[in-house]
Amino acid sequence: MAGTTIVVTSGKGGVGKTTSTANIGTALAMHDKKVCLIDADIGLRNLDVVMGLENRIVYDIVDVVENNCRMEQAMIRDKRYDGLFLLPAAQTRDKTSVTPYQMKELIEKLKEDMDYVIVDSPAGIEQGFKNAISGADRAVIITTPEVSAVRDADRIIGLLEAEGIYKPEVIINRIRVDMVEKGDMMGIEDMIEILAIELLGIVPEDEGIVVSTNRGEPIALNDKSKAGQAYRNIARRIMGEDLPIMKLEKESFLSRFKKLVGLS
Amino acid sequence: MSSVFSFQAVTDGVLMNFRAGVNFEQIKSSVKLHAKEAGDFFKGICLYINLNGVKLTFSEMQQLMDIVQNYNKVREIYFTAQQSTQKADSEGDKALIINRTLRSGQMIKHFKSIVIIGDVNPGAEVIAGEDIIVFGRLKGVVHAGAGGSREAKVAALKLNPTQLRIASLIARSPDDAYTAELEPEKAYIKDGVIIVEKL
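Residues numbered from 1 in each chain as written. Chains lettered and ligands numbered in written order. Predicted model: local features only at pLDDT ≥ 70, side-chain atom pairs only at ≥ 80, totals over all residues. Heavy atoms only, no water.

Enquirer: Quick question: what am I supposed to make of the environment of Ile97 of chain B here?
Expert: Residue and element names in this part refer to chain B. Within the fold, Ile97 resides in strand 5 (residues 96-98). A relative accessible area of 55% places Ile97 in the exposed class. Along the primary structure Ile97 and Ser113 are separated by 16 residues, whereas in three dimensions their C-alpha atoms are 8.7 Å apart. Here Ile97 is in contact with Val115 and Ile117, once residues within four sequence places are set aside. (Helix = DSSP H or I, 4+ residues; strand = E, 2+ residues; numbered from the N terminus. Buried < 20%, exposed > 50% of the residue type's maximum accessible area, 1.4 Å probe, protein only. Contact = heavy atoms within 4.5 Å.)

This is the structure we're talking about:
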């Protein structure tokens, strides 16, 4: 089985790369896919915390690259899904501990028995980013409805093309319906017009994300959350399903009433 | 194991002294085990093997050389013969005292005991050849007895490590049950498992 490697990147920090990586990985594992998440943010690792696996780390990616351990020893099996693994970053080292070539070799080996390898890229466009994108077959760009995040996403698309990764897809994160409706926030169409790439999904702003991050339980596990639903949809689109983008209208009393009596 | 040889810190590494009267079989088996348990604890430093008072045949010497090669990533291995200077305390013989809080990404490594006056935050790492004592909250990763010493202990005013290792054993804090108040505890090995008890 030769899997697909997907890099999750953004350029700008704090837009939700790590949250998205954890949730997409979890949602793919729900469909019985074999998934390995790689934290490429060496020195500022977070993915282990978001996945709630921090206290299981013994070896990390730098140990694998330096041959201090075998790959299987560093891979941490998820608490909830047997097919989900995490290859954590080192915390006491820095981005230069791994080269893009080593990263590529490692991913090639990992791909052999995984359906998906998802790489969580660090913010920025320096070595950490270059490590993260080496070996990627597909790229998912995370952005938020802010001019600065869209600007950085645009820059990243250019850099990915230069590295031979064409046709990246975008996830627009932290959309607030009320603000878009009032015209205070960039609309989805405006952003797609600027970036001119395929839309993989939109994720509404959700307070539940904060709770789930702090507890180490990805929100994709939560049936009631809209953000969780959004990530589960994104995973299905990654697997090739043609799913319409979630409608994010605020349900007014009137429309709820209409639905109730069967008028719409 | 520790009764067959002991370590002494020198300027650029450690000196391995054999106890008087041990035979080659004892040396062979204990050094072999120690090299395995030490992992890469001796990374980047020099290892001095003190042959003072030890008589080895040619083939025994060859066997010993094969065994000490298993020490991972040491800078250089020297064979020397010098009077044991156990009594003279050099700098490295003492516990290392850290007078600040260790934050995520910071790592402290020392061949003897480490005393930290401050907290050890999640993401920080403390690795000691002997004991680790934290006058504060211990929430990061600690490894006591990293050279293979199973007698090593870990004590803290609040013992809530991400992971606690002693010699080659690993334990982690329970997922729930975190309280903010301080309750001094210590961890040590008893009957092959890590035990935690109130101080």
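Further notes follow.
Enquirer: I tried to follow the sheet that holds strand 11 (residues 154-159) of chain B on my own but got confused; where do I start?
Expert: Backbone-to-backbone hydrogen bonds join strands into a sheet, with any given pair of strands oriented parallel or antiparallel. All names here are of chain B. Pairing within the open sheet is mixed, and its six strands lie in the order 5-7-9-11-14-15. This sheet does not close on itself; its edge strands, each paired only once, are strand 5 and strand 15 (193-198). The mean angle between the axes of side-by-side strands here comes to 25 degrees, regardless of whether they run parallel or antiparallel. The sheet contact formed by strand 11 and strand 14 (residues 185-190) spans three bridges and is antiparallel. Each bridged residue has a counterpart across the sheet, and for Val154 the counterpart in strand 14 is Ala187. (Pairing = 2+ DSSP bridges. Axes fitted to C-alpha atoms, helices over the stretch in contact; angles between N-to-C directions.)

Enquirer: I'm lost on the packing of helix 1 (residues 17-30) of chain A against helix 11 (residues 226-238) of chain A in this one. Help?
Expert: A pair of packed helices is captured by two measures, namely the crossing angle of their axes and the spacing between those axes. All names here are of chain A. Following both chains from N to C, one finds helix 1 and helix 11 inclined at 65 degrees, their axes separated by 8 Å at the closest point. Relative to helix 11, helix 1 is oriented roughly perpendicular. When you trace helix 1 past helix 11, the crossing you get is right-handed. On helix 11, the residues that touch Thr19, Ser20, Asn23, Ile24, Ala27, Leu28 and Met30 of helix 1 are Tyr231, Arg232, Ile234, Ala235 and Ile238. (Parallel < 35°, antiparallel > 145°, perpendicular 65-115°, else oblique. Left-handed = near helix turned anticlockwise from the far one by under 90°.)

Enquirer: Help me understand the pairing of strand 1 (residues 4-9) of chain A in this model?
Expert: The side chains of a regular strand alternate between the sheet's two faces. Residues and elements named next belong to chain A. Most of strand 1 sits out of view: five of its six residues are buried. The pairing of strand 1 with strand 5 (residues 116-120) spans five bridges and is classified as parallel. Paired with Thr4 across the strands is Tyr116, a residue of strand 5. Taken together, the four bridges between strand 1 and strand 6 (residues 138-143) define a ladder with parallel strand orientation.

Enquirer: Please explain the packing of aromatic side chains as it appears in this structure.
Expert: Given two aromatic rings, one states the distance between the centres and the angle between the planes to describe the pair. Residues and elements named next belong to chain B. Applying the stated rule across the entire model yields six aromatic pairs over all chains. Measuring from centroid to centroid gives 5.6 Å for Phe42 and Tyr71, while their planes differ by 80 degrees, and the two rings are edge-to-face. Placement of the pair is Phe42 in the loop between helix 1 (24-38) and strand 3 (46-50) and Tyr71 in the loop between helix 2 (58-68) and strand 4 (76-80), with a sequence separation of 29 residues. Overall, the relative accessible area of 3% leaves Phe42 in the buried class. Judged by relative accessible area, Tyr71 falls into the buried class, the value being 3%. (Phe/Tyr/Trp six-rings, centres within 6.5 Å; stacked < 30°, edge-to-face > 60°.)

Enquirer: Can you walk me through the side chain of Arg165 of chain B in this structure?
Expert: Here Arg165 of chain B lies in strand 12 (residues 163-166). For the buried Arg165 of chain B, no salt bridge exists, and the shortest N-O distance to an oppositely charged side chain is 4.7 Å, to Glu125 of chain B. A polar atom in the side chain of Arg165 of chain B sits 2.7 Å from the side chain of Gln163 of chain B. Other than its neighbours up to four places away in sequence, Arg165 of chain B contacts Ile57 and Val58 of chain A together with Val141, Val142, His143, Ala144 and Ile170 of chain B. (Lys, Arg positive; Asp, Glu negative; His and termini not counted. Salt bridge = Lys/Arg side-chain N within 4 Å of Asp/Glu carboxyl O. Polar contact = N/O pair within 3.5 Å; in protein donor to acceptor, adjacent residues only side chain to side chain.)

Enquirer: Please explain helix 11 of chain A as it appears in this structure.
Expert: Side chains that are three or four residues apart share a direction in an α-helix, a result of its 3.6 residues per turn. Residue and element names in this part refer to chain A. Here helix 11 is 13 residues long and its end C-alpha atoms lie 18 Å apart, about the 18 Å a rise of 1.5 Å per residue gives. Of all the 13 residues making up helix 11, ten are buried; the element is thus mostly covered by neighbouring parts of the structure. For helix 11, the full list of buried residues reads Ala227, Gly228, Ala230, Tyr231, Arg232, Asn233, Ile234, Ala235, Arg237 and Ile238. Between the side-chain oxygen at the start of helix 11 and the backbone nitrogen of Ala227 there is a gap of 3.2 Å, and the oxygen is on Ser225. Immediately beyond the C-terminal end of helix 11, within one or two residues, lies Gly240, with a positive phi of roughly 105 degrees. (Expected span 1.5 Å × (residues − 1).)

Enquirer: Just to check I follow, could you spell out the sheet that holds strand 6 (residues 107-110) of chain B for this structure?
Expert: Residue and element names in this part refer to chain B. A sheet is described by the order of its strands in space; here five strands give the open sequence 6-8-10-12-13, paired in mixed fashion. Since the sheet does not close on itself, it has two edges, and those belong to strand 6 and strand 13 (169-171), each with one partner. Strand after strand, the sheet turns through a mean of 10 degrees between neighbouring axes, direction not considered. With four bridges connecting them, strand 10 (residues 141-144) and strand 12 associate as parallel partners. Its bridge partner lying in strand 12, Ala144 is registered against Ile166.

Enquirer: Please clarify how unusual backbone geometry should be interpreted in this entry.
Expert: Residues apart from glycine generally show negative phi values, whereas peptide bonds are mostly found in trans. Even without being a glycine, Asn67 of chain A presents a positive backbone phi close to 60 degrees. Secondary-structure assignment places Asn67 of chain A in the loop between helix 3 (61-65) and helix 4 (71-74). Accessibility expressed as a relative area gives 67% for Asn67 of chain A, which makes it exposed. Positioned with a positive phi, Ala167 of chain B is a non-glycine residue whose angle comes to about 50 degrees. Within the secondary structure layout, Ala167 of chain B lies in the loop between strand 12 and strand 13. The class for Ala167 of chain B is buried, based on a relative accessible area of 7%.

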